[in-house]
Amino acid sequence: MATQERLLELEEIALDLRRTIIDMIYEAGSGHPGGSLGIIDVMTCLYYEQMRHDPQNPKWEKRDRLIMSKGHCCPALYALLAKQGYFPEEWLKTLRKINSRLQGHPDINKTPGVEFNGGSEGQGLSGAVGMALAGKIDGSRHRIYCIIGDGENQCGQIWEAAMAASHYRLDNLVGILDRNGLQIDGPTEEIMSVEPAAERWRAFGWHVLEIDGHNYEEILSALEKASRVTGKPTMIIAHTVKGKGVSYMEGTLSFHGKAPSKDELVKAHTEFDISKRRLEARKQQAMAAAPSGGA
Amino acid sequence: MALKDAYSQALVELGRTNPSVVVLDADLALSTKTKRFGTMYPDRFFDMGIAELNLMGVAAGLAAAGKTVFASTFAAFATGQPYNVIRQSIAYANLNVKIVATHSGISVGGDGATHQMLEDVSLMRGLPNMRVFVPADGPQTADIIRLIAESPGPCYVRLPRGDTAILPGVYPTELGKAITIRDGRDITLIGCGTMVYETLRAADALIAEGVDPRVLLIHTMKPIDRDAILKAARETKGIVTAEEHSFYGGLGSAVCEVVSESHPTHVRRIGVRDTFGESGEERDLMEKYGLTWRHIAEAAREVLKA
């Protein structure tokens, strides 16, 4: 299990990535900040702590794979891939612009590190099932992770894939349901209820874990538990706040798919600066409290 | 010989020689004949049940992981149901998935309109990166399956439910190339799939009347052999196309697209005329829906008189 120090390091990375996400979307003039900010903590843990992968070798056959079935949150993915060196950071300011290597929704051919096309909800989990089946055929121990949205959880194809994953006993497959409670037209429970979510996934034969999607200990613990489940796939239901980290975006519908204005950008960065200082303070405390730390 | 048996045998042969081949079906493996592959190579065969969206998404995932994927079911369920999955996850992604659908066209028979897919070529032709094939007999089917397995990228192969006669002659299969079964100067007849036999019979009838028809067999709807079509447009008085498909969006439309832009030509399209099918025996249906050699020959006479 990761140390206190490591957990804080991961938080700091995620905070950096939050800046990148907001800057990227502001520059593009459009995009989906809410969901991207909400899932970045889970994704940071995946890419920095859990997954075996190599930015210099994006096609390494034994790599763990992440599919953003919730494709519109690709700013989170792009920020992570850039920071880890999958492609030059200069690409980030080209998001959604013509001739860009960073499309508005993930493009498997244009962007190194993107494992599957995204954007048309409901398709990525099937792709993950296919990759997991390939892993079983090849006797490889690599793992497949797939992030789905809770609005996306309404798609019929998600449930077709859910059925297949448990039928074929795909214990090399981990789904993450980004449960932020919101979709475009309103809260999920008003539009088309997806509750009881945990019971439904269990009924389809998945092992289900529920966590606070912003608590790093819980995220890492769930990922570790999932890696030891045999005979069935795992669904981690991560309760998140849409827009987490930017106060005027948190829990709102309006920043599902809207770029911040110049003033809003400045406000976001001010909040990030404050968060950074608080994080620094916690790091100091952790170092002082550590048995081998301090003077 | 039933084309799906040729498909089945070709798959088994691929299973023996190509370890990356994986086959998927959607509860119709006994009908599509992919079951044989499944029996011989159970580790590389997955029935996905009656869930065609997932069928195509899983096919894409397997292909993304480096497999050569063949996904089969009936044409209506292979192209209509999962169209958006094919578009986004396979065609746009340019992944190595071969969709081989059986039970296309009206000759499906008693099952009726819901099972008689008449728009599949139209749907698949419209997708960038998707190559579309309509083989005419067993040997041609086996050739196409073998050739596309060696040629990465999305493909759609349309097969009928039943048998077709083997062609009268040996015609090497080259993807994208039309086959000239008979040269001629008066009128061109272009047939595909199950309609090639009817096209040849129509040619015989015309020859008996003193007409000199050119007969082309086209198996590759996309990329279509523009050169052969334009040569026919320049060298004969007109073209009659024949397909067991709607006359919107299939072979006839493709031929019209080619000639209209380069060498405007009188074209008559023999196909189902914008209706759904119905239950019936194969021969009765072909007659009622205008898909016989008599209809082709009559269309040819009209072009010659015009």
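Residues numbered from 1 in each chain as written. Chains lettered and ligands numbered in written order. Predicted model: local features only at pLDDT ≥ 70, side-chain atom pairs only at ≥ 80, totals over all residues.

### Details of the overall build of chain A
No. 1: The secondary structure content of chain A amounts to nine helices and five strands.
No. 2: What you see in chain A, going N to C, is helices and strands ordered as α-α-β-α-α-β-α-β-α-α-β-α-β-α.
No. 3: Relative to its length of 295 residues, chain A is compact, with a C-alpha radius of gyration of 18 Å against a globular reference of 19 Å.
No. 4: Principal axes of the C-alpha set define a box for chain A whose edges measure 50 × 50 × 40 Å.
No. 5: Here chain A holds 295 residues, and the buried ones make up 49% of them.
No. 6: Sequence-distant contacts in chain A: of pairs separated by 6 or more residues, those separated by 24 or more amount to 74%. (Helix = DSSP H or I, 4+ residues; strand = E, 2+ residues; numbered from the N terminus. Rg over C-alpha atoms; globule rule 2.2 N^0.38 Å. Buried ≥ 20, exposed ≤ 12 C-beta atoms within 10 Å, placed from the backbone. Contact = placed C-beta atoms within 7 Å.)

### Concerning the sheet that holds strand β7 (residues 179-182) of chain B
All names here are of chain B.
No. 1: The five strands lie next to each other as β7-β9-β8-β11-β12, forming an open sheet whose pairing is mixed. Each having just a single partner strand, β7 and β12 (267-272) make up the two edges of the open sheet. Averaged over all adjacent pairs, the angle separating strand axes in this sheet is 25°, with direction ignored.
No. 2: With five bridges connecting them, strand β11 (residues 239-246) and β12 associate as parallel partners. Paired with Ala-242 across the two strands is Ile-270, which belongs to β12.
No. 3: Along the sheet face, helix α10 (residues 226-235) touches β8 (187-191), β9 (213-217) and β11 and points at about 170° away from the line of β9.
No. 4: Most of the contacts of helix α13 (residues 293-305) go to β12, to which it runs at about 160°, and overall it touches β8, β9, β11 and β12. (Pairing = 2+ DSSP bridges. Axes fitted to C-alpha atoms, helices over the stretch in contact; angles between N-to-C directions.)

### So, the pairing of strand β6 (residues 155-158) of chain B
Remark: a regular strand shows side chains that alternate across the two faces of the sheet.
Residue and element names in this part refer to chain B.
No. 1: Residues Cys-155 and Val-157 line one face of β6 and the alternating positions Tyr-156 and Arg-158 line the opposite face, and both faces are buried.
No. 2: With four bridges connecting them, strand β4 (residues 97-102) and β6 associate as parallel partners. What sits directly across from Lys-98, in β6, is Cys-155.
No. 3: Pairing of strand β5 (residues 131-133) with β6, which is carried by three bridges, proceeds in the parallel orientation. Bridge pairing links Phe-133 to Val-157 in β6.
No. 4: Once you follow β5 into helix α8 (residues 138-149) and on to β6, the crossover reads as right-handed. (Right-handed = clockwise from strand over helix to strand, strands pointing away.)

### Topic: the packing of helix α2 (residues 33-50) of chain A against helix α8 (residues 216-226) of chain A
What describes two packed helices is the angle between their axes and the distance between those same axes.
Residue and element names in this part refer to chain A.
No. 1: Interhelical geometry of α2 versus α8 gives an angle of 55° and a closest axis separation of 10 Å. When the interaxial angle is binned, α2 and α8 end up oblique. Note on packing geometry: the crossing formed by α2 with α8 is right-handed. Two secondary-structure elements touch here, α2 through Asp-41, Val-42, Cys-45, Glu-49 and Gln-50 and α8 through Tyr-216, Ile-219, Leu-220 and Leu-223. (Parallel < 35°, antiparallel > 145°, perpendicular 65-115°, else oblique. Left-handed = near helix turned anticlockwise from the far one by under 90°.)

### Observations regarding the nonpolar core
Looking at soluble globular proteins, one finds that nonpolar side chains tend to be buried together.
No. 1: Judged by nonpolar contacts, the single largest core of 188 residues is most densely connected at A:Val129 and B:Ala59.
No. 2: It is helix α1 (residues 4-28) of chain A that contributes the most residues to this core, eleven residues altogether.
No. 3: When residues are assigned to domains, this core turns out to be shared by domain 1 (3-158) and domain 2 (179-305) of chain B, each giving three or more.
No. 4: For A:Val129, the contacting residues outside a window of four places in its chain are A:Ala161, A:Ala164, A:Ala165, A:Leu170, A:Leu173, B:Val58 and B:Gly61. (Core = buried A, V, L, I, M, F, W, Y, C linked by C-beta atoms within 7 Å. Domains from an automatic or database assignment.)

### Quick word on the sheet that holds strand β4 (residues 207-212) of chain A
Residues and elements named next belong to chain A.
No. 1: Read from one edge to the other, the open sheet built from five strands follows the order β1-β2-β3-β5-β4, with strand pairing classed as parallel. In this open sheet, the two strands that pair with only one neighbour each are β1 (65-68) and β4. On average, adjacent strands in this sheet sit at an angle of 20° to one another, irrespective of strand direction.
No. 2: Sheet topology note: the strand β3 (residues 173-179)/strand β5 (residues 234-239) ladder contains six bridges and is parallel. Paired with Ile-176 across the two strands is Ile-236, which belongs to β5.

### Comments concerning the interface of chain B and chain A
No. 1: Contact residues are listed per partner, giving 24 residues for chain B and 22 residues for chain A.
No. 2: Going through the elements one at a time, α4 (52-64) and α6 (83-91) of chain B are the ones with two or more residues in the side of chain B that touches chain A.
No. 3: With nine residues, α4(B) is the largest single contributor of residues to the side of chain B that touches chain A.
No. 4: Residues of the side of chain B that touches chain A, tallied by class, amount to 13 nonpolar, eight polar and three charged. (Nonpolar A, V, L, I, M, F, W, Y, C, P; charged D, E, K, R; others polar.)

### Looking at the domain arrangement of chain B
Many structure descriptions define interface size as the accessible area lost when the parts assemble.
All names here are of chain B.
No. 1: By domain assignment, chain B separates into domain 1 (3-158) and domain 2 (179-305).
No. 2: For domain 1 versus domain 2, the separation of C-alpha centres amounts to 26 Å.
No. 3: Listed as interface residues are 23 residues of domain 1 and, on the opposing side, 29 residues of domain 2.
No. 4: Mapped by element, the contributors of at least two residues to the side of domain 1 that touches domain 2 are α7 (120-125), β5 and α8.

### A few points about α1(A)
No. 1: For α1(A), built from 25 residues, the straight-helix expectation of 36 Å at 1.5 Å per residue is met to within 8% by its first-to-last C-alpha distance of 36 Å.
No. 2: Phi turns positive, to about 85°, at A:Gly29, one or two residues after α1(A). (Expected span 1.5 Å × (residues − 1).)

### As for unusual backbone geometry
What you tend to see is this: most non-glycine residues have negative phi, and most peptide bonds are trans.
No. 1: Note the cis peptide between A:Glu195 and A:Pro196, where omega equals 0°.
No. 2: With an omega dihedral of 0°, the bond running from B:Lys222 to B:Pro223 counts as a cis peptide bond.
No. 3: Its location among the elements puts B:Pro223 in the loop between β10 (220-222) and α10.
No. 4: A positive phi angle, close to 70°, is found at A:Arg96, a residue other than glycine.
No. 5: Judged by C-beta crowding, with 19 C-beta atoms within 10 Å, A:Arg96 ranks as partly exposed.
No. 6: Despite not being glycine, A:Arg169 shows a phi value in the positive range, around 55°.
No. 7: In this fold, A:Arg169 is placed in the loop between α5 (156-167) and β3.

### Digging into the confidence of the model for chain B
Low-pLDDT stretches of the model should not have their predicted coordinates read in fine detail.
No. 1: Confidence along chain B averages 97 in pLDDT terms, with 100% of residues attaining 70 or more.
No. 2: Scoring the predicted complex yields pTM 0.97 and, for the interface, ipTM 0.97. (pLDDT = per-residue confidence, 0-100.)

### Remarks on the environment of B:Thr180
Residue and element names in this part refer to chain B.
No. 1: Tracing the backbone shows Thr-180 in strand β7.
No. 2: Classification of Thr-180 by C-beta neighbours within 10 Å gives partly exposed; the count is 16.
No. 3: Between the alpha carbons of Thr-180 and Val-272 there is a distance of 25 Å; along the sequence they are 92 residues apart.

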